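# Notes for the structure review
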Amino acid sequence: MVHRQVSLSKCLVWPLVVCLACSSGTDHDNPWGTWEALIDTVGDTVTVHTVGGNVWGDTMLLEPELSIGVLEGPDEEMFGSVRSIAVTDSGEILVVDAQVPAIRRFAPDGRYLGDIGREGSGPGEYKRPASIRILPDGRIVLRDEGNGRINVYAADGESLMSWRHPSGGTFSTSDPLYVDTAGNTYTTVLLEVGVDVTEFAYGVARFTPTGEHGDTVRAPTWDFEPARVVARKEGNSSSNSVPFTPSATWTFSPFGYTVGGVSTDYRIDHYRTDGPVLRIEREWTPVPVLADEKAERERSITENFRRSFGSWRWNGPPIPDTKAPFGTIMVDVEGRTWVRVPQPAYEYRTEQEAREEEERTERPQLRHRERIVFDVYDADGRFLGPVRVPDEFRSFPQPRMRGMTVWAVTADDLGVNRVVRFRMVPMHGEP
């Protein structure tokens, strides 16, 4: 076993953060302090446990550089429901608008360049287009859920072929397509059918660069039982996780392996195929759940269940007093891990506003929400620092990150979707 404490100087230069990691100024220039970590090697696992500071020496904010999308204007810029975005090496932006449906293509400066394919069942056409990604050779892959396949297009949008989805039919998921550096494409699949909703098990089916269906990689599993509420009626069942409780979360790395963990603790494992497991840990402080926040979440779940299951009553563990230490995980094209971390709730609309919206939609409405903050780690587990995003930022569909640039969907108070390119800039303030 190797046990050591690492303290990195502010002047040490790491890839991706050359300008931000170097500082010859005072402590005011580095409110977080120098990154310090405990590194342990036990068996086949290397643990990098951050105990303080970060490599960037600051919190990063997202500053908008480009925005595509309008309330009124050209049809191609009035997005109805953006389901996925992708970015080519040249900076072109592909937008899947599921409402039209259409795949819109925009130049790096935001100019509309045309559509890829169209609605239908023929070659290159799609029904319920979902996730879109770019392969290393520039080809475009799209999960066409309505036709039960993956469509493949040339870099210029010309239809090349399609690959049948391994489920043999339609299969919908909010998970993105994944691609790796070897040119393989992965899509989430349900491993067993005909089982109770609480027994669902998932994996990712692999397609080779030529479209051959390879092995299916089972999602990582842990000895963990999530807290759920379940409703059943005449052979129909539905479940919902108890808000703010720990969950088993995983994603897929562009280096061809799964990444995940159980959020009972701040611990995330990279199941690397070419080396030992990399475990990322960090000290964390529990975030409390407000009483009003707890009450409105329970009411929302209860009323939604009662729409389908009559007089259903809460049948699971209570909503906890503190939030799980982390939420969703993403791994970007450079192998950096983005971990969403909980934040204190704030009231973003009044009781009157929530009541009016509830009357309009006939759906229970939440008055509290969290701001989105990510902890970002490099491919070796070093804590680069946190990234705070604007209130209108949406974590679905999955953002795209490369270097100091982030592409994401935003939505304003009117629900207008926009695709925005952000630049990460230092906050120059308190951590």
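Now for a quick tour of the structure. (Residues numbered from 1 in each chain as written. Predicted model: local features only at pLDDT ≥ 70, side-chain atom pairs only at ≥ 80, totals over all residues. Heavy atoms only, no water.)

## So, the overall build of the chain
Broken down by element type, the chain carries 3 helices and 32 strands. Taken across its 431 residues, the chain has 50% of its residues classed as buried. Contacts spanning at least 24 positions in sequence make up 54% of the contacts within the chain whose residues lie at least 6 apart. (Helix = DSSP H or I, 4+ residues; strand = E, 2+ residues; numbered from the N terminus. Buried < 20%, exposed > 50% of the residue type's maximum accessible area, 1.4 Å probe, protein only. Contact = heavy atoms within 4.5 Å.)

## Things to note about the pattern of salt bridges
Within the structure shown, the criterion is met by 28 salt bridges. The salt bridge partner of Arg279 is Asp269, with a shortest N-O separation of 2.7 Å. With Arg279 in strand β22 (residues 277-282) and Asp269 in strand β21 (residues 267-270), this residue pair connects regions lying 10 residues apart in the sequence. Here Arg282 and Asp375 are joined by a salt bridge, their closest N and O atoms 2.6 Å apart. Taken together, the residues Arg282 in strand β22 and Asp375 in strand β27 (residues 373-377) connect sequence positions 93 residues apart. (Salt bridge = Lys/Arg side-chain N within 4 Å of Asp/Glu carboxyl O.)

## Let's talk about the sheet that holds strand β16 (residues 213-218)
Spatial ordering of the open sheet is given by β13-β14-β15-β16, a layout of 4 strands whose pairing is antiparallel. Edge strands, defined here as strands with exactly one partner in the open sheet, are β13 (178-179) and β16. Sheet topology note: the β13/strand β14 (residues 185-190) ladder contains 2 bridges and is antiparallel. Bridge pairing in β14 links Val179 to Thr185. (Pairing = 2+ DSSP bridges.)

## Things to note about the packing of aromatic side chains
Given two aromatic rings, their pairing is described by the distance between the two centres and the angle made by the two planes. Taken as a whole, this structure holds 15 aromatic pairs when the rule is applied. Relative to Phe252, the ring of Tyr186 lies with its centre 4.2 Å away and its plane at 40°, an arrangement referred to as tilted. Of this pair, Tyr186 sits in strand β14 while Phe252 is found in strand β19 (residues 248-252), placing the two residues 66 residues apart along the sequence. Across the pair, exposure class does not vary: Tyr186 and Phe252 are buried alike. Here Tyr266 and Tyr377 contribute two aromatic rings whose centre-to-centre distance is 6.5 Å and whose plane-to-plane angle is 65°, an arrangement assigned as edge-to-face. One end of the pair, Tyr266, is in the loop between β20 (258-262) and β21; the other, Tyr377, is in strand β27, with 111 residues separating them in the sequence. No difference in accessibility class separates Tyr266 from Tyr377, as the two residues are buried. (Phe/Tyr/Trp six-rings, centres within 6.5 Å; stacked < 30°, edge-to-face > 60°.)

## As for the nonpolar core
Formed by 39 residues in total, the largest nonpolar core has its most connected members in Leu62, Trp338, Phe374, Val387, Phe393, Val406 and Met424. The element contributing the most residues to this core is β27, with 4 residues. Every residue in contact with Met424, bar those within four places of it in the chain, is listed here: Trp56, Met60, Leu61, Leu62, Trp338, Val387, Gly403, Met404 and Val406. (Core = buried A, V, L, I, M, F, W, Y, C linked by side-chain atoms within 4.5 Å.)

## A look at the pairing of strand β15 (residues 202-207)
Across 6 bridges, the pairing between β14 and β15 is antiparallel. Note on β15: the bridge partner recorded for Thr185 is Phe207. Relative to β16, β15 runs antiparallel, the two being bridged by 4 bridges. Bridged to Gly203 within β16 is Arg218. Between the antiparallel neighbours β15 and β16 lie 5 residues, among them Gly211 with a positive phi of about 95°.

## Quick word on the environment of Thr328
Note on placement: Thr328 falls in the loop between α2 (291-309) and β23 (329-331). For Thr328, a relative accessible area of 42% gives the class partly exposed.

## Topic: the side chain of His49
Residue placement: His49 occurs in strand β3 (residues 45-52). Judged by relative accessible area, His49 falls into the buried class, the value being 17%. A distance of 2.4 Å separates polar atoms of two side chains, one belonging to His49 and the other to Glu283. In this structure, His49 is in contact with Glu36, Ala37, Leu38, Glu281, Arg282 and Glu283, ignoring residues within four places of it in sequence. (Polar contact = N/O pair within 3.5 Å; in protein donor to acceptor, adjacent residues only side chain to side chain.)

## Points about α2
For α2, built from 19 residues, the straight-helix expectation of 27 Å at 1.5 Å per residue is met to within 8% by its first-to-last C-alpha distance of 26 Å. Restricting attention to buried positions, one finds in α2 the residues Glu293, Glu296, Ser300, Ile301, Thr302, Phe305 and Phe309. Turning to α2, the residues buried within the fold contact β17 (228-233), β18 (236-241), β25 (345-347) and β26 (368-370). A positive phi of about 60° marks Gly310, the residue just after α2. (Expected span 1.5 Å × (residues − 1).)

## A closer look at a negative patch on the surface
On the surface, a cluster of negative charge is contributed by Glu353, Glu356, Glu359 and Asp413. By relative accessible area, which is 84% here, Asp413 ends up exposed. (Patch = residues over 30% accessible without salt bridge, like charges linked within 9 Å, V, L, I, M, F, W, Y side chains within 5 Å. Areas by Shrake-Rupley, 256 points an atom, 1.4 Å probe, with all protein chains shown as cover. Lys, Arg positive; Asp, Glu negative; His and termini not counted. Charge placed at Lys NZ, Arg CZ, Asp CG, Glu CD.)

## Some thoughts on the environment of Asp413
Along the polypeptide, Asp413 turns up in the loop between β31 (405-411) and β32 (417-426). Spatially, the C-alpha atom of Asp413 lies 8.3 Å from that of Glu392, the residues being 21 residues apart in sequence.

Nothing here speaks to function; it is geometry throughout.
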